[in-house]
Amino acid sequence: MAELNGSPISLEHLQALALTNYGHFTSIRVEDGRVRGLALHLERLARDCRAVFDTDLDLDRVRDFARRAVPSSGGCVVRVTVFDPALDLGHVGNDAHPHVLVTTRPAGPLPLPAMRVQSVVYTRDLPAVKSVGLFASLRHRRDAQRAGFDDALFTDAESVISEGGTWNVGFVRGDQVVWPNAECLVGTTMELLRQAHPSSTAAVRLGDLAGFDAAFATNIGIGVRAINAVDGTAFPDTHPVIEELRKEYTELPLDLL
């Protein structure tokens, strides 16, 4: 389903989003009407709306629209996209009046099998904002997949690792999780795991990977997914800390949407 401000979205409004492609979003995994880290999702929407549109967002209204889309039982992923259909390519600097688009898709089963990733030098525009402009991320994902990998892992020119195309990355050393210290979008799943499991933050370069015991990717869609290779560096398909992270994540309290 797709609703704009609580009503079925028109073709005209969809064209505005597709052709101008200026806005931000968050994706929320919902289980029986409940959400992990709801406050983090709402904080992201409010923060990004100020960054992208220089205005505030009515979060109670957002929850209302999202709640309408959620089935009373079962799981789904709700995406809340904020954009202004009145802004076009030539007048994107006008005062904005953001609209709220809510779409849903089925939530896939977890956990997913381990994946292989290929490093690429790339930094997203405004890394801290979850923007709708995904062309470059998807282009790097496509290149990685056509080279035989599952996804792309971003680094800077000095080989410092930041994030994946649509996910955060973490590394395991002993019983500790190390999150890269780099410009990236701090995902809600990453933030929840940082609260649940002992961790530290450090600059991680491609040349440092041999010193880690395991690696994983994380976002709301994949949960905690093992990474079994970064370029030519291999990691195990599973690890006790990754299993512990999955358990800690599933045991987190859920908030009523």
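Quantities reported herein were computed from a predicted structural model and do not represent experimental measurements.

Rules used in this analysis
Residues numbered from 1 in each chain as written. Predicted model: local features only at pLDDT ≥ 70, side-chain atom pairs only at ≥ 80, totals over all residues. Heavy atoms only, no water. Core = buried A, V, L, I, M, F, W, Y, C linked by side-chain atoms within 4.5 Å. Buried < 20%, exposed > 50% of the residue type's maximum accessible area, 1.4 Å probe, protein only. Helix = DSSP H or I, 4+ residues; strand = E, 2+ residues; numbered from the N terminus. 1 Å grid on protein atoms, 1.4 Å probe; cavity = no way out; pocket = protein on both sides within 12 Å on 5 of 7 lines; lining within 4 Å. Points joined across faces, edges and corners; volume = space filled by probe spheres on them. Nonpolar A, V, L, I, M, F, W, Y, C, P; charged D, E, K, R; others polar. Phe/Tyr/Trp six-rings, centres within 6.5 Å; stacked < 30°, edge-to-face > 60°. Lys NZ or Arg CZ within 6 Å of the ring centre and 35° of its normal. Pairing = 2+ DSSP bridges. Right-handed = clockwise from strand over helix to strand, strands pointing away. Axes fitted to C-alpha atoms, helices over the stretch in contact; angles between N-to-C directions. Parallel < 35°, antiparallel > 145°, perpendicular 65-115°, else oblique. Left-handed = near helix turned anticlockwise from the far one by under 90°. Contact = heavy atoms within 4.5 Å.

(A) Main features of the nonpolar core. In this structure, Val30, Phe53, Leu57, Val78, Val80, Val100 and Val102 are the most contacted members of the largest nonpolar core, which totals 25 residues. Listing elements by their share of this core, those giving two or more residues are strand 3 (23–31), helix 2 (38–53), helix 3 (59–69), strand 5 (75–83) and strand 6 (99–106). A total of 6 residues in this core trace back to one element, the largest contributor, which is helix 2. Grouped together as the second largest cluster of nonpolar side chains are 17 residues, Met115, Phe171, Val204 and Phe235 included.

(B) Local environment of the layout of surface pockets. Of the volumes computed, that of the largest pocket is approximately 690 Å³. Every residue lining the largest pocket is counted, 37 residues in all, and those nearest its centre are Phe25, Lys130, Thr166, Trp167 and Asn219. Contributions of two or more residues to the lining of the largest pocket are made by strand 3, helix 2, strand 5, strand 6, helix 4 (135–146), strand 9 (161–164), helix 5 (188–196) and strand 13 (214–219). Of the residues belonging to the lining of the largest pocket, the class tally is 11 nonpolar, 16 polar and 10 charged. Approximately 280 Å³ is the volume attributed to the second largest pocket. Around the second largest pocket, the lining comprises 17 residues; the ones closest to its centre are Gly23, Asp125, Ser131, Val132 and Gly133. Elements with a contribution of two residues or more to the lining of the second largest pocket: helix 2 and helix 4.

(C) Structural view of the packing of aromatic side chains. In the structure shown here, the tally under the stated rule is 4 aromatic pairs. Taking 5.0 Å as the distance between ring centres and 80° as the angle between the ring planes, the aromatic pair formed by Tyr122 and Phe154 counts as edge-to-face. Taken together, the residues span a long stretch of sequence, with Tyr122 in the loop between strand 7 (115–121) and helix 4 and Phe154 in strand 8 (residues 151–155) at a distance of 32 residues. For the pair formed by Tyr122 and Phe154, the shared burial category is buried. Over the ring of Phe25 we find Arg79, and its NZ or CZ is 3.7 Å from the ring centre.

(D) Spatial organisation of unusual backbone geometry. Of the consecutive residues Leu110 and Pro111, the connecting peptide bond is found in the cis state with omega at 0°. Along the chain, Pro111 turns up in the loop between strand 6 and strand 7. Unusually for a residue other than glycine, Ser159 sits at a positive phi of about 70°. If you trace the backbone, Ser159 turns up in the loop between strand 8 and strand 9.

(E) Structural context of the pairing of strand 7. Pairing of strand 7 with strand 14 (residues 223–230), which is carried by 3 bridges, proceeds in the parallel orientation. Looking across to strand 14, one finds that Arg116 is bridged to Ala229. This β-α-β element, strand 7 to helix 4 to strand 8, shows right-handed connectivity.

(F) Local environment of the pairing of strand 3. Of all 9 residues making up strand 3, 8 are buried, and the element is well covered by its neighbours. Direction of pairing for strand 3 relative to strand 5: antiparallel, over a ladder of 9 bridges. Bridge assignment links His24 to a residue of strand 5, and that residue is Val82. Connecting strand 3 to the next strand, strand 4 (residues 34–35), in antiparallel fashion are 2 residues, including Asp32 with a positive phi near 50°.

(G) Spatial organisation of the packing of helix 2 against helix 3. Viewed as axis vectors pointing N to C, helix 2 and helix 3 meet at an angle of 120°, and their least axial separation amounts to 11 Å. What the angle tells us is that helix 2 and helix 3 run oblique. Note on packing geometry: the crossing formed by helix 2 with helix 3 is right-handed. Residues Leu38, Leu42, Leu45 and Ala46 of helix 2 pack against Leu59, Val62 and Arg63 of helix 3. Residues belonging to the contact of helix 2 with helix 3 are distributed by class as follows: 6 nonpolar, no polar and 1 charged.

(H) Layout of the sheet that holds strand 4. In spatial order, the strands read 2-1-6-5-3-4-16; together these 7 strands make up an open sheet with antiparallel pairing. The open sheet has two edge strands, strand 2 (7–8) and strand 16 (255–256), and neither has a second partner. For strand 5 and strand 6, the ladder comprises 8 bridges, and the chain directions are antiparallel. From the neighbouring strand, Phe83 faces strand 6, where its bridge partner is His99. Taken strand by strand, helix 2 contacts strand 3, strand 4, strand 5 and strand 16, and its axis lies near 170° from that of strand 3. Its contacts with the sheet put helix 3 on strand 1 (2–4), strand 5, strand 6 and strand 16, and the angle it makes with strand 6 is roughly 30°.

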